[in-house]
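Observations on the model geometry
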Amino acid sequence: MLHPRFSSESTVAGSGSVASLGDLPTDLLKASSRRLQIAALVWAALWSIALVFNNLVAPYLHLPPEQIVPWGTAGNVIGAIGVSLSLALYASSRRPGIGPRQLLDLGLGYEVVLALGIGLLNQQVPQVLAGRLSWICVLILIHPMIAPSTPRKTFIAGLLAASMDPLGLAVAWARGVELPSINLLFSAYLPNYVCAALAVIPSHIVIRLGRQVRQARELGSYQLRELIGQGGMGEVWRAEHRMLARPAAIKLIRPEMLGLRDTEGEQVM
């Protein structure tokens, strides 16, 4: 039985082994890695904009103190570190020796470090953000959609990221800063941990869809691994024989090229 859109023929490819793909097909892992690269550049730009705004623009706006987060020297140091780490992650992603799964694991650590920077900035004067939703919530929810990982890793990274606001509070307390009441702090930072639990949902969805894609790519004894070329007649996929673990190239030919019709969506036999 052949693919519903293609007929197929296979030719044995060159020798070599196929690495374990984990929970997602290789092409989806690579797409996630590219999104993480873009996200790193976006974060580098956001930290740069924050540095420019707080040093060159904000002093001339004359905003009330209760409407702004204090920046100062600490903000400049954190912002500069944020830019450097974001560019370092992007540079690391371009190295040929790092694989997609390694990069996505590195992205989880990057998420926690970003949350640490945000938490330290948030809690320089805790009263300013008391009762408001932390930007860490946005980071926790968005990151699994950009760079998905397993639900377990996503949850652990989310919990660590959610704890960066309380860690920032501890640093502020050690500096002698007066903290808001416990009730206000609880209501302010409970959403961080709720978001850490919710972040597991997109992770489950992505992993399940990845498994469905992998199953849909199975052709008899062969499993499609990665699209390596396409043209007017069809597509060529890198594949692996499931019994022999032997690499192969699978050519999927469009039915119309063979004069076949599949107007009712039935599989071509």
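Residues numbered from 1 in each chain as written. Predicted model: local features only at pLDDT ≥ 70, side-chain atom pairs only at ≥ 80, totals over all residues. Heavy atoms only, no water.

In a regular helix each residue adds 1.5 Å, so 17 residues correspond to 24 Å; helix H8 (residues 182–198) covers 24 Å between its end C-alpha atoms and thus fits that length. Of all the bends in H8, the greatest reaches close to 30° and is centred on Tyr189; the proline Pro191 follows between one and four positions later. Of all the residues in H8, the buried ones are Leu185, Ala188, Tyr189, Asn192, Cys195 and Ala196. (Helix = DSSP H or I, 4+ residues; strand = E, 2+ residues; numbered from the N terminus. Expected span 1.5 Å × (residues − 1). Bend = angle between axes of the 7 residues up to and from the residue. Buried < 20%, exposed > 50% of the residue type's maximum accessible area, 1.4 Å probe, protein only.)

Any two packed helices are characterised by the angle at which their axes cross and by the distance between the axes. One way to put it is that helix H1 (residues 26–57) packs onto helix H3 (residues 100–122) with a least axis distance of 10 Å and a crossing angle of 25°. Classified by the angle between their axes, H1 and H3 sit roughly parallel to one another. Here the hand of the crossing between H1 and H3 comes out left-handed. Here H1 contributes Leu29, Lys30, Ser32, Ser33, Leu36, Ala40, Trp43 and Trp47 to the contact with H3, which in turn contributes Pro100, Arg101, Leu103, Leu104, Gly107, Tyr110, Leu114, Gly117, Ile118 and Leu121. Among the residues making up the contact of H1 with H3, the classes are represented as 12 nonpolar, 4 polar and 2 charged. (Axes fitted to C-alpha atoms, helices over the stretch in contact; angles between N-to-C directions. Parallel < 35°, antiparallel > 145°, perpendicular 65-115°, else oblique. Left-handed = near helix turned anticlockwise from the far one by under 90°. Contact = heavy atoms within 4.5 Å. Nonpolar A, V, L, I, M, F, W, Y, C, P; charged D, E, K, R; others polar.)

For the coordinates displayed, the defined rule picks out 1 salt bridge. Of the charged contacts, one joins Asp105 and Lys153 as a salt bridge, the two residues approaching to 3.1 Å between their closest N and O atoms. With Asp105 in helix H3 and Lys153 in helix H6 (residues 151–162), the pair connects residues that are 48 residues apart, well separated along the chain. (Salt bridge = Lys/Arg side-chain N within 4 Å of Asp/Glu carboxyl O.)

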